[in-house]
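One letter stands for each residue in the lines below.
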Amino acid sequence: MRRVRGYFALYLSADVFAVCSLFVKHAAERFGGTFVSAARFAVGAVLCVAVLFAFRRGYRPKLPGLLFLRGLFGAASMAASYAAIGLTGPGRATVLSNTYPLFVVVFGSLFFGERFRPRTLGSIVLCLAGAVLVARDGSGANAVGDALALLSALLAGLA
């Protein structure tokens, strides 16, 4: 039963993310990426606080400075992602923004001394190849939007 609930939560999360991307695309036609990102974060903050109060669990971060940086880089990442969605479309921007694991691996190695394993290197090559295929697909998509989506991935990797 626990496994079924887990799969259901994953599918629900993916569906909500897809619907959110569609709303962002339509909102970006009228508002800037920064405003759309700020609105999304405001709704997210309210929902997070509501969950904390609903379950009556306190939250005390051990390293508030790092938590602040995580929030700062995460917010910048989402703003860049939403601006990219407005310029290129939700599918393309989401695919490029979701190359962030590549940057997580690189920054993990630089900042925390994590080692590259052969499997990790293969994953990096596969991730880069996918990003290149999307960015150079000949569709004539907005290059600035692609760059913003990749910047979003880099910032998410830092976060």
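Going by the structure above, here's the rest.
Asks: Tell me about a nonpolar patch on the surface, residues and numbers included.
Replies: Taken together, the side chains of Val106, Leu110, Phe111, Phe112, Phe116 and Leu158 make up a nonpolar region of the molecular surface, amounting to roughly 630 Å² of accessible area. The dominant element in the nonpolar patch, judged by the number of residues it contributes, is helix H5 (residues 100–112), at 4 residues. Topologically, Phe112 is positioned in helix H5.

Asks: Before we move on, can you summarise the packing of aromatic side chains with the specific residues and values?
Replies: Taken as a whole and judged by the stated rule, the model has 3 aromatic pairs. On the basis of an interplanar angle of 10 degrees and a centroid distance of 5.7 Å, the ring pair of Phe107 and Phe111 is categorised as stacked. Of the two residues, Phe107 and Phe111 are both situated in helix H5; the distance of 4 residues between them amounts to about one turn of the helix. On the basis of relative accessible area, Phe107 is assigned to the buried category, the value being 13%. For Phe111, a relative accessible area of 54% gives the class exposed. An aromatic cluster is defined as three or more aromatic residues linked by ring pairs; in this entry it consists of Phe103, Phe107 and Phe111.

Asks: Outline the packing of helix H4 (residues 90–97) against helix H6 (residues 118–135), supporting the account with residue identities and numerical values.
Replies: Axis separation between H4 and H6 bottoms out at 10 Å; the angle between their running directions is 155 degrees. Considering their axes alone, H4 and H6 lie roughly antiparallel with respect to each other. With respect to the hand of their crossing, H4 and H6 are arranged in left-handed fashion. Residue-level inspection shows Arg92, Val95 and Leu96 of H4 in contact with H6, the latter providing Ala131, Val134 and Ala135.

Conventions adopted
Residues numbered from 1 in each chain as written. Predicted model: local features only at pLDDT ≥ 70, side-chain atom pairs only at ≥ 80, totals over all residues. Heavy atoms only, no water. Patch = residues over 30% accessible without salt bridge, like charges linked within 9 Å, V, L, I, M, F, W, Y side chains within 5 Å. Areas by Shrake-Rupley, 256 points an atom, 1.4 Å probe, with all protein chains shown as cover. Salt bridge = Lys/Arg side-chain N within 4 Å of Asp/Glu carboxyl O. Helix = DSSP H or I, 4+ residues; strand = E, 2+ residues; numbered from the N terminus. Phe/Tyr/Trp six-rings, centres within 6.5 Å; stacked < 30°, edge-to-face > 60°. Buried < 20%, exposed > 50% of the residue type's maximum accessible area, 1.4 Å probe, protein only. Axes fitted to C-alpha atoms, helices over the stretch in contact; angles between N-to-C directions. Parallel < 35°, antiparallel > 145°, perpendicular 65-115°, else oblique. Left-handed = near helix turned anticlockwise from the far one by under 90°. Contact = heavy atoms within 4.5 Å.

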